[in-house]
Amino acid sequence: IFLKLKEMPKQDEGDIGGAKKLKLLFRKAQNKKSPELILKYGLKLGKRLRKDKEHGEAVDVLGATLLVQIESHGEEHPDVATVMVALGDVYESDGNFAKAISYYGKALPMQLEKLGIDHSDTTKTSLKLAAIEMHQQEYYEKALDAYRQALDIKMQNVGQEHPSTATTLVNIGLVQKQLEDYPRALEYLSQALGIRIKMLGSNHPDTADCVTHLADVYRLEGEYDKALEYYEWAIALREPLVSKSKTQARLTGDSYFNIALIHRREDKYRQSADAFTHAAFHFTHSLGVEHDDTVDCLAQAKRANQLAAKHQGTVDAETAI
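Small disclaimer: the values here were computed from a predicted structure and weren't measured.

A separate point is the overall build of the protein. When you go through the protein residue by residue, the secondary structure sums to 13 helices and 0 strands. Counting from the amino terminus, helix and strand elements in the protein follow one another as α-α-α-α-α-α-α-α-α-α-α-α-α. Rg of the C-alpha trace for the protein: 22 Å, near the compact-globule value of 20 Å for 321 residues, within the 12% margin. Taken along the three principal axes of its C-alpha coordinates, the protein extends 65 × 60 × 45 Å. Per-residue burial over the protein gives 42% buried out of 321 residues. Relative to all contacts within the protein whose residues are 6 or more apart in sequence, the contacts with residues 24 or more apart total 55%. Element-wise, carbon and sulfur atoms account for 52% of the exposed surface of the protein, whose accessible area totals about 17,100 Å². Within the protein, one finds 42 positive and 47 negative side-chain charges whose respective centroids are separated by 7 Å.

Below, the structure is given as structure tokens:
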């Protein structure tokens, strides 16, 4: 995976960690196809770009580094966790706390399992996650109060069965999801879905959005059969719009991606590979063939097919015995 890296302003020759030099070293590591060197210089370059507030490019570099580590070591390797933490640092620096929590949250269980609870890297990630979640908790609680006040006003002014009321119910449901109060999230999102179906129709994009939000909550709750049902419903609603809207194509790709994750979690690798491939198709249409999400989906599909073949080989061997 090769990146077109932007040229940086000339660095002080004494600055041995300058972005220009690190970009050169990162390119050389990519040319050598060395996972160890790509990790070394990808982390250094990502950190430097983060400090220079070049967050988008830092994500590109670290994303490419992450894919190489996954392809080389698998998804549960400490080096994979290290890159995920670096990506979390970039998103935190950029103010995207939800993304930061996502990457820290994925990295921490790996570090706990592979490095142990007392390892310094595990401790650092745990502290980062705790700090940012505390900040998020305060933010979401304030948002929840504001949305509840807005809901009271809308109920008085336009009534319950109004698209604007449904939007506020969705917002409350999404905040409850972030607070991990999944039963309340389902309650508010289900109310919103009922209003949107009645007022906007079953085939409206806003209705599809609500169905997708419900699928996300069911997935987080671990109700995978219900989540698959709702993701497939959302896809059916969006498919007629995909050819006319890149946004709908992107959202359809997201649903396929989440379906792939569920199948992979359940060791259904062939179904997972198929869903990743569908996601890549829609991401290609909406984002382009070279976009990180498209590249990631294709790599995930390849990995899932490899796991499917390995699993089938194990089954065949056991059957032969």
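The discussion continues.
Here H263 shows up in helix 11 (residues 246-265). Non-local contacts of H263, meaning those with residues more than four positions away in its chain, are made with L228, K268, Q271 and S272.

Where helix 9 (residues 205-221) contacts helix 11, the two axes come as close as 12 Å, and the packing angle between them is 20°. As the angle between them shows, helix 9 and helix 11 are arranged roughly parallel. Like other packed secondary-structure pairs, helix 9 and helix 11 cross with a definite hand, here left-handed. Within the contact between the two elements, helix 9 uses P205, D209, T212, D216 and R219 and helix 11 uses Q248, L251, S255, N258 and I262.

This part takes up the nonpolar core. If you look at the biggest cluster of nonpolar residues, it comprises 46 residues, and the most contacted ones within it are L214, F276 and C297. Elements that contribute at least two residues to this core include exactly helix 6 (120-157), helix 7 (163-178), helix 8 (182-199), helix 9, helix 10 (224-242), helix 11, helix 12 (269-287) and helix 13 (292-320). Discounting residues that sit within four places of it in the chain, L214 has contacts with L186, L189, S190, L193 and Y230. Of all hydrophobic cores here, the second largest spans 33 residues; its members include A29, V59, V68 and I70.

Before going further, it helps to examine the packing of aromatic side chains. Each aromatic ring pair is described using two quantities: the centre-to-centre distance and the angle formed by the ring planes. In this structure the tally under the stated criterion is 4 aromatic pairs. Between Y218 and Y230 the ring centres are 5.3 Å apart and the planes differ by 45°, which places this aromatic pair in the tilted class. Here Y218 is found in helix 9, whereas its partner Y230 is found in helix 10, with 12 residues between them in sequence. This pair shows no difference in class: Y218 is buried, exactly as Y230 is.

The next subject is the environment of L108. Looking at the element boundaries, L108 is found in helix 5 (residues 97-114). Separated by 67 residues in sequence, L108 and Y41 place their C-alpha atoms 22 Å apart.

Pairing of side chains with opposite charge becomes possible as their charged atoms draw close. The tally for this structure, following the rule as stated, stands at 11 salt bridges. K23 is paired through a salt bridge with E57; the nearest N and O atoms lie 3.2 Å apart. Within this pair, whereas K23 is found in helix 1 (residues 19-32), its partner E57 is found in helix 3 (residues 55-73), the two being separated by 34 residues in sequence. Its relative accessible area of 7% is what places E57 among the buried residues. Residues K198 and E161 are paired through a salt bridge, measuring 2.9 Å at the closest nitrogen-oxygen approach. Of this pair, K198 sits in helix 8 while E161 sits in the loop between helix 6 and helix 7; the two residues are 37 residues apart in sequence, bridging distant segments of the chain. A relative accessible area of 57% means that K198 is categorised as exposed. One continuous salt-bridge network, built from bridges that share partners, spans R250, D254 and D293.

Moving on to the environment of R196. Assignment of secondary structure puts R196 in helix 8. A relative accessible area of 7% places R196 in the buried class. In the structure, R196 is positioned 14 residues away from C210 in sequence and 8.4 Å away in space, judged by C-alpha atoms. Once residues lying within four places of it in the same chain are set aside, the contact partners of R196 are A166, T167, V170, G201, D206, T207, D209 and C210. Here the side chain of R196 touches T167 through a polar contact of 3.5 Å, side chain to side chain. Side-chain polar atoms of R196 contact the backbone oxygen of D206, separated by 2.9 Å.

Calculation notes
- Residues numbered from 1 in each chain as written.
- Predicted model: local features only at pLDDT ≥ 70, side-chain atom pairs only at ≥ 80, totals over all residues.
- Heavy atoms only, no water.
- Helix = DSSP H or I, 4+ residues; strand = E, 2+ residues; numbered from the N terminus.
- Rg over C-alpha atoms; globule rule 2.2 N^0.38 Å.
- Buried < 20%, exposed > 50% of the residue type's maximum accessible area, 1.4 Å probe, protein only.
- Contact = heavy atoms within 4.5 Å.
- Areas by Shrake-Rupley, 256 points an atom, 1.4 Å probe, with all protein chains shown as cover.
- Lys, Arg positive; Asp, Glu negative; His and termini not counted.
- Charge placed at Lys NZ, Arg CZ, Asp CG, Glu CD.
- Axes fitted to C-alpha atoms, helices over the stretch in contact; angles between N-to-C directions.
- Parallel < 35°, antiparallel > 145°, perpendicular 65-115°, else oblique.
- Left-handed = near helix turned anticlockwise from the far one by under 90°.
- Core = buried A, V, L, I, M, F, W, Y, C linked by side-chain atoms within 4.5 Å.
- Phe/Tyr/Trp six-rings, centres within 6.5 Å; stacked < 30°, edge-to-face > 60°.
- Salt bridge = Lys/Arg side-chain N within 4 Å of Asp/Glu carboxyl O.
- Polar contact = N/O pair within 3.5 Å; in protein donor to acceptor, adjacent residues only side chain to side chain.

Function cannot be inferred from these measures alone, as they are strictly geometric.
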